[in-house]
Each structure stands twice: as structure tokens, then as C-alpha cells.
Amino acid sequence: MSSPRSSSVLDWPATASSRAGRPVASAAERRRNRLRRKLKENVTAYGLLCAALVVFALFSWYPIVRGVLLSFQQVDFVNPPTWVGFDNFTRLVEDPLFGIAWRNTLLFTGLALVFGFVVPFLTAVLLNELRHAKAFFRLAVYLPVMLPPVVTALMWKWFYDPGAGLFNSALGAVGLPGGQWLDSSDTSMLSLVFVSTWANMGSTTLIYLAALGTIPGELYEAAELDGAGLWKRLIHVTLPQTRFVLLVLLLLQVVATMQVFTEPYVMTGGGPDDSTVTVLLLLYRYAFVYNDFGSASALSLLLFVALGVFSALYVRLTRKADES
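Not measured: the values here are computed from a predicted model.

Reading guide: rules and limits
- Along each chain, numbering runs from 1 in the same order as the chain's sequence is written.
- Local features in this predicted model are restricted to residues whose pLDDT is 70 or higher, and side-chain atom pairs enter the listing and the counts only when it is 80 or higher, whereas totals over whole chains, interfaces and linings include all residues.
- Heavy atoms throughout the structure, all of them, feed into the side-chain values; hydrogens and water do not.
- Each helix is a run of H or I in the DSSP string that is no shorter than four residues. Each strand is a run of E no shorter than two, and both are numbered from the N terminus.
- The reference for a compact globule is 2.2 Å times residues^0.38; the radius of gyration itself is calculated from the C-alpha atoms.
- Buried means the residue's accessible area, taken with a 1.4 Å probe over protein chains only, is under 20% of the maximum for its type, while exposed means over 50%, and partly exposed covers the values in between.
- Contact between two residues is taken to exist if any of their heavy atoms lie within 4.5 Å; hydrogens are not considered.
- Note on areas: Shrake-Rupley with a 1.4 Å probe; residue coverage comes only from the protein chains shown.
- When charges are tallied, Lys and Arg are placed among the positive residues and Asp and Glu among the negative ones, while His and the ends of the chain are skipped.
- Note on charges: their place is set at NZ of Lys, CZ of Arg, CG of Asp or CD of Glu.
- Using only the protein atoms, space was sampled on a 1 Å grid; points where a 1.4 Å probe fits but cannot get out form cavities, open sets with protein on both sides within 12 Å along at least five of seven lines form pockets, and lining residues are those with an atom within 4 Å of a point.
- Grid points are joined across faces, edges and corners, and a volume is the space filled by probe spheres set on the points.
- Side-chain classes are defined by residue name, with Ala, Val, Leu, Ile, Met, Phe, Trp, Tyr, Cys and Pro counting as nonpolar, Asp, Glu, Lys and Arg as charged, and the others, Gly among them, as polar.
- Each axis is a line fitted through C-alpha atoms, and for a helix only the stretch in contact is used; angles between axes span 0 to 180 degrees, taken between their N-to-C directions.
- What sets the label is the angle itself: under 35 degrees gives roughly parallel, over 145 gives roughly antiparallel, 65 to 115 gives roughly perpendicular, and the rest give oblique.
- Only one rule defines a salt bridge in this text: a Lys or Arg side-chain nitrogen within 4 Å of an Asp or Glu carboxyl oxygen.

Here we come to the overall build of the chain. The helix and strand tally for the chain stands at 14 helices and 2 strands. Taken over the C-alpha trace, the chain has a radius of gyration of 33 Å; the compact-globule value for 324 residues is 20 Å, which it surpasses by more than 25%. Summarising its shape, the C-alpha atoms of the chain cover approximately 125 × 75 × 50 Å along the three principal directions. Relative to its 324 residues, the chain shows a buried fraction of 33%. Taking contacts inside the chain between residues at least 6 apart in sequence as the whole, the part at least 24 apart equals 64%. If you sum the accessible surface of the chain, you get close to 20,300 Å²; carbon and sulfur atoms cover 68% of it. Between the centroid of the 25 positive side chains of the chain and the centroid of its 21 negative side chains there is a distance of 22 Å.

Moving on, we come to the layout of surface pockets. The computed volume of the largest pocket comes to approximately 530 Å³. Taken together, 29 residues form the lining of the largest pocket, with S196, A199, N200, A256 and T257 sitting closest to its centre. Class assignment of the residues belonging to the lining of the largest pocket gives a composition of 17 nonpolar, 11 polar and 1 charged. In this structure, the second largest pocket spans a volume of roughly 290 Å³. Elements that contribute at least two residues to the lining of the second largest pocket include exactly α2 (12-70), α13 (279-289) and α14 (293-323). The element that contributes the greatest number of residues to the lining of the second largest pocket is α14, accounting for 7 residues. Broken down by class, the residue content of the lining of the second largest pocket amounts to 11 nonpolar, 3 polar and no charged.

Under the criterion given, the structure shown has 1 cavity of 30 Å³ or more. Lining the largest cavity are V125, N128, E129, L212, Y220, L230, R233, L234 and T238. Contributing elements (two or more residues each) for the lining of the largest cavity: α4 (96-129) and α10 (230-241). If one sorts the elements of the lining of the largest cavity by residue count, α10 sits on top with 4 residues. Of the residues belonging to the lining of the largest cavity, the class tally is 5 nonpolar, 2 polar and 2 charged.

Orientation of helix α3 (residues 87-94) relative to α14, taken along the N-to-C sense of each, is 80 degrees, at an axis distance of 9 Å. Considered as vectors, α3 and α14 are oriented roughly perpendicular to each other. The residues of α14 that touch α3, namely those facing N88, F89, R91 and L92, are G294, S295, A298, L299, L301 and L302. Split by residue class, the contact of α3 with α14 holds 6 nonpolar, 3 polar and 1 charged.

Their axes nearest at 13 Å, the elements α4 and α10 cross at an angle of 110 degrees. It follows that α4 is roughly perpendicular to α10 by the angle criterion. Counting all contacts with α4, which are made through F121, L122, V125 and E129, the residues of α10 involved are L230, R233, L234, T238 and L239. For the contact of α4 with α10, the per-class residue count stands at 6 nonpolar, 1 polar and 2 charged.

Let us look at the pattern of salt bridges. One pass over the full model with this rule turns up 3 salt bridges. One salt bridge connects R91 with D292, and the closest N-O pair in it is separated by 3.6 Å. Taken together, the residues R91 in helix α3 and D292 in the loop between α13 and α14 connect sequence positions 201 residues apart. With its nearest N and O atoms 3.8 Å apart, the salt bridge here joins R233 to E129. Of this pair, R233 sits in helix α10 while E129 sits in helix α4, placing them 104 residues apart in sequence. Residue classification places E129 among the partly exposed positions, given a relative accessible area of 30%. A single salt-bridge network, built from bridges that share partners, covers E129, E224 and R233.

These figures come from the coordinates and say nothing about function on their own.
Shown next, in the form of C-alpha cells:
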């Protein structure tokens, strides 16, 4: 009968060989596990990507394609759709409100650029110059953005009320005559622009503030040493340093204001005398008042093409300006 020590000595070569073989097997196993883990990660990543693409195609691409098809059909969602070619576009061009809507929309966009583009930038510059209560004033500027657009429109509609409205009451308290803010074709569009500017300037102002915060302080210090005041610092330092942000927000604002709908729909209904009928408001009338979804889709396609062409030209021109 052999002792335990002698048996362990006899078994030593086999044990040593098995231990020597373990690293080889372990390395191969690690490679397989690593390959399996990478494959699992890739499958998960592509699965999530495919799910996102399906959702995007279903809720973004399909409505676009469907809208293009509807613009060439007579559709009321009661009778079967019929192909009418360019009849919807011809009907739109022959509508007297078609030209009026485009003119009013362009007028609103132009006025919004004067007030809604310049005022937020100047507000951001003033807030950036403050030394105290910065957080309070930034909150005060951003607060209107937190209100729902319809609530904002209804509130300002009461402000503009020619009877007991806030503005006419304040003017009457100091002995000044009130105005027909929304009831006159001379002031109705400008009144809507003021509402849109007040309601949306908060987000733009904060973006400008973020851009101003990236400007090196040494540039302002050098300008101050050269005797430059606030205006010269704005022209020679602030504007060149924030040029990219200004160009991007200008494009976004044009695209957004060309799609104005809430203010004229809630506050004026397109009046008085069709002075506030915009493209989207006319589109709404075709779809939900006239029950002509084909013409509404045709009008949306025209607006889409107009904004797409403008955006492409804008980007091309700004890129050429940067290269030169």
C-alpha cells in the first residue's frame, strides 16, 4: 500500500501537464467570450437602431410621403380618393386668399425678424453686462416660454381688448386714447408680432447668453483698454464672435415664423379683412373647414418646398461668405 506522498509524487507529471494546458484553454475561452459579448452588443445596438428607424419612418417619413401623394388627389376621407393631378395646385393659385396668405406670412416674418431677432440679442447683451441679480432676470425673461402658446394668446387677447383690456385701461388712466389693437388692419399684424416675440424670446435669449459666455474676456479687456464703449464692443467684439450662432438662429427663426398659426387662429381668426390670414391658417381652413384635404396637402407641399429652397440658398450663401 503506497503512501499519500508517494502517490502525489507519481502523479506530479500529469498534474503539471494539466495545469500547463489550462492557460491555452482559458485563452481560447476568453476569446470566444469576447467574441460572443461583442456580437451581443452589436446585435443589441443594431436592434435599437432599427427600432428607432422604424419609429422615425412611421411617424416622420411616411406622413411626408403620404402628404405628397394627397396633394395630387381629391381627398375628403369619406369617399375614395381620386387622382386629380395638379388640379389642387391650380385651385390654390386661383384662390384670392392664396396671395393674401403668402403676403401676410412674409410680412409677419419680416416684422418678427426686426423685433424677435434683434430684441432677444440686445436683451442677452444687457443681461450679460449685469453684475447683480443675473439669475432673477434670466428667469424673468425665460418665464413666458413656460406658458402654453394658447394660454399666452388668450392672455394677450384680453390685454388687447378694446373695452376692458389692460392696455386701453392703462392708457385711459393717464388720459390717452385707447387703440383698436386687433380690430384694425393697420395694427393687427404688428400686435401679433409683439405676442410672438414676448412668448418666444426667452429661449433665444438664453442661447445668445450661452454664446456670449464663450467669448474670451481678454477681448473685452483689450477693447476697454483701447477706450471702446458698450456700442463699439458690441460691433467689433460681440457680433464677430457670435456670428455663427446669429446665422443659425436667423435661419431657424425664418423657418419658424413662416409657420405661424397659433396667434392668428386664437386671437384674430384671420381678420380683420383677412389682414392676418397666414399660410398655415389657410391650410387649416382647407382641411377642417372646407374638408378639402387634397388642397391642404398641396399648400403644405408648397410651403415645404419654399422653406427648403430658402434654407438651401441660405446655407450656400453663408458658406461662400465664410470661405471668402
